[in-house]
Amino acid sequence: MWDGIGDFVAMGGHAPYVWGSYGAVVLLLGLEAALLVRRRQRAWTRLARQARRSTTARHPSTGSES
Amino acid sequence: MKKRHKRLTIILGALAGLAIATALVLNAMRDSMVFFVTPSEVMAMSEMPERSFRIGGLVEQGSVERDQNSADVVFHVTDTDKSVVVTYSGILPDLFREGQGVVAEGRIDSNGTFHANKVMARHDEEYMPAEAQEAIERAGHPPDAGEGY
Amino acid sequence: MNRRRIPWLYFTVPRNFYWLVQRLVPLIWAVAAVLAVAGLYVGFFVAPPDYQQGNSYRIMFIHVPTAWMGMFLYALMAVYAVIFLAWRIKMADVMARSLAPTGALMTALSLWTGALWGAPTWGTYWVWDARLTSTLLLLFLFLGYMALYAAIDDREKGARAAALLALIGVINVPVIYFSVEWWHTLHQGMSISPSGGASMAPSMLAALLLGTGACWAYCAAVTLRRAQTELLEREDSTGWTRTVSTDDAPPAPRGVAVPTGRRN
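Conventions used here
- Residues numbered from 1 in each chain as written.
- Chains lettered and ligands numbered in written order.
- Predicted model: local features only at pLDDT ≥ 70, side-chain atom pairs only at ≥ 80, totals over all residues.
- Contact = placed C-beta atoms within 7 Å.
- Helix = DSSP H or I, 4+ residues; strand = E, 2+ residues; numbered from the N terminus.
- Nonpolar A, V, L, I, M, F, W, Y, C, P; charged D, E, K, R; others polar.
- Domains from an automatic or database assignment.
- Buried ≥ 20, exposed ≤ 12 C-beta atoms within 10 Å, placed from the backbone.
- Arc of directions from axis to C-beta.
- Core = buried A, V, L, I, M, F, W, Y, C linked by C-beta atoms within 7 Å.
- Pairing = 2+ DSSP bridges.
- Axes fitted to C-alpha atoms, helices over the stretch in contact; angles between N-to-C directions.
- Parallel < 35°, antiparallel > 145°, perpendicular 65-115°, else oblique.
- Left-handed = near helix turned anticlockwise from the far one by under 90°.
- Expected span 1.5 Å × (residues − 1).

**Re the interface of chain C and chain A**
Accessible area lost upon the coming together of the parts is a frequently used measure of interface size. Taken residue by residue, the interface counts 31 residues in chain C and 24 residues in chain A. Broken down by secondary-structure element, the contributors of at least two residues to the side of chain C that touches chain A are α2 (60-87), α3 (90-121) and α7 (202-234) of chain C. For the side of chain C that touches chain A, the leading source of residues is α3(C), giving 9 residues. Residue composition of the side of chain C that touches chain A, grouped by class: 15 nonpolar, 9 polar and 7 charged.

**A few points about the environment of C:Val64**
As for its position among the elements, C:Val64 is in helix α2. For C:Val64 and C:Ser110, which are 46 residues apart along the polypeptide, the C-alpha to C-alpha distance reads 7.2 Å.

**What about the interface of chain C and chain B?**
On the side of chain B, 33 residues touch chain C, which itself brings 34 residues to the contact. Of all elements in the fold, only α2, α3 and α5 (155-169) of chain C reach the threshold of two or more residues within the side of chain C that touches chain B. For the side of chain C that touches chain B, the leading source of residues is α2(C), giving 4 residues. Counted by class, the side of chain C that touches chain B contains 21 nonpolar, 11 polar and 2 charged residues.

**Considering the domain arrangement of chain B**
Along its sequence, chain B is carved into domain 1 (1-33) and domain 2 (39-138). When each unit is reduced to the centre of its C-alpha atoms, the spacing between domain 1 of chain B and domain 2 of chain B is 40 Å.

**With respect to helix α6 (residues 172-182) of chain C**
All names here are of chain C. Among the residues of α6, Val-175, Ile-176, Ser-179 and Val-180 are the ones counted as buried. One face of α6 carries all of its buried residues, which in axial projection span an arc of 130 degrees. Close packing links the buried residues of α6 with α2 and α4 (130-151).

**Brief notes about the nonpolar core**
In this structure, C:Tyr74, C:Met77, C:Ala81, C:Ala96, C:Ala163, C:Ala166 and C:Tyr218 are the most contacted members of the largest nonpolar core, which totals 76 residues. Elements supplying a minimum of two residues to this core: α2 (15-58) of chain A together with α1 (14-46), α2, α3, α4, α5, α6 and α7 of chain C. Apart from the residues lying within four places of it in its own chain, the contact partners of C:Ala81 are C:Ala96, C:Ala163, C:Ala166 and C:Leu167. Of all hydrophobic cores here, the second largest spans 28 residues; its members include B:Phe35, B:Leu58, B:Val119 and C:Leu132.

**Structural notes on the pairing of strand β6 (residues 114-122) of chain B**
Here is the key point about a regular strand: its side chains alternate between the two faces of the sheet. All names here are of chain B. Pairing of strand β4 (residues 83-89) with β6, which is carried by 2 bridges, proceeds in the parallel orientation. Residue pairing across strands places Val-86 opposite Phe-114, the latter belonging to β6. As defined by bridge partners, strand β5 (residues 101-108) adjoins β6 across 8 bridges and the pair is classed as antiparallel. Bridge pairing links Gly-101 to Arg-122 in β6.

**Quick notes on the packing of α1(C) against α7(C)**
All names here are of chain C. At their nearest, the axes of α1 and α7 sit 7 Å apart, and the two run at 155 degrees to each other. In terms of axis orientation, α1 runs roughly antiparallel to α7. Here α1 runs over α7; the crossing is left-handed. For the contact of α1 with α7, the class distribution of residues is 25 nonpolar, 6 polar and 1 charged.

**Details of α4(C)**
Residues and elements named next belong to chain C. Here α4 contains 22 residues, and its C-alpha end-to-end distance of 30 Å stays within 8% of the 32 Å for a straight helix at 1.5 Å per residue. Those residues of α4 that fall on the buried side of the exposure criterion are Ala-130, Arg-131, Leu-132, Ser-134, Thr-135, Leu-138, Leu-141, Phe-142, Tyr-145 and Tyr-149. Each element contacted by the buried residues of α4 is listed here: α2, α3, α5 and α6.

**Here we look at the environment of C:Ala75**
Residue and element names in this part refer to chain C. By the element assignment, Ala-75 lies in helix α2. Separated by 67 residues in the primary sequence, Ala-75 and Phe-142 place their C-alpha atoms 11 Å from one another. Residues within four places of Ala-75 in sequence aside, it is in contact with Val-170 and Val-173.

This is the structure in structure tokens:
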């Protein structure tokens, strides 16, 4: 259907519109997924820190060295 | 009745009321929410509006006249019953074609000529490959220009 | 009687929900990837150019799915809002809140791709017709929901106020859907309608449906993950999170656990 890669990229003269649409979709979906991964990591970090602190509070002799 | 069932009843009742209210408001606003008027509606007006408005319909077959030396173009917008002469100067959208839907924005003069300052093409909801369209034409059934205009 | 099993409340228990998401999301991602690749292949290499629009119509394969998902996610958010308001099930609030950002993104993308499609075909990026205006309102409803939720300090009150807004705004969804029938719009009518079937070539329809499936799977994966994350954020380290603190921990025993219907 396409006459080489140049023809494909040109999209019959509609390249800015077609690639502008698909580019925005790829970019923003990727961004959303990346932000979510970061948010999830932070949630776990917070829980882990909290767990460590409560252990330290309960057993002050074992947790104080580090 | 249990408390949560009562809550649900209240919520759904309020939602139903809201839906009815919205339906009534939208129905009342129908006339002022028209995005464009059709040529028949323009002809039916007792006096031509002074302000800018939009007219919509199909570009009448064989009516498009382009000026050789400028970007001026004259065409007729029809709803298959009445038609209005439209003048425009500028770049027309890709899908501006005879027999296709169009919406023009501008003012109408006392002679009933519509002077557009913006022309938008309105395409139909049919999508098909070029070969399929050619086959339809060969078979003698020109594709319907779309029931909507 | 009070030991009655209510199986569908099983996953309103955070720990059970956590494990459901943990198992489901990788599968959903795989489905999304397969459908997206297939859809893009059909959309760009099988579906021929349109007889009127040439190649710009290929924007449809992403424009229509994002627009549909925007409306669908809003309707779903409203359903969870009703469940939350009527039964005070916190999990329903978590789900509703997790849907909002993705719904806003989908709606924004449908407006963006629509503008880029409108420019070459209609000759304008934007018009204030009923379809476009009501879709913009949908975006503001999503953003309003998120803002209202965040603005009220008391989470319970904020959740209820936001749920109410979600509920009121759901009126807009049928308005968007039927706007092209009820009013004269620049936007064309429905290509795929509940009554009339589809008015497009089979390969074009295939690309559109594959794209819709991919979008749906993406939204499901992202919103489930967000709900899971929200649950973690609401917990402290003393609760159920201790037992699932590593990803490879054994799942909750499904067969043994009796759904308690306990509101968590």
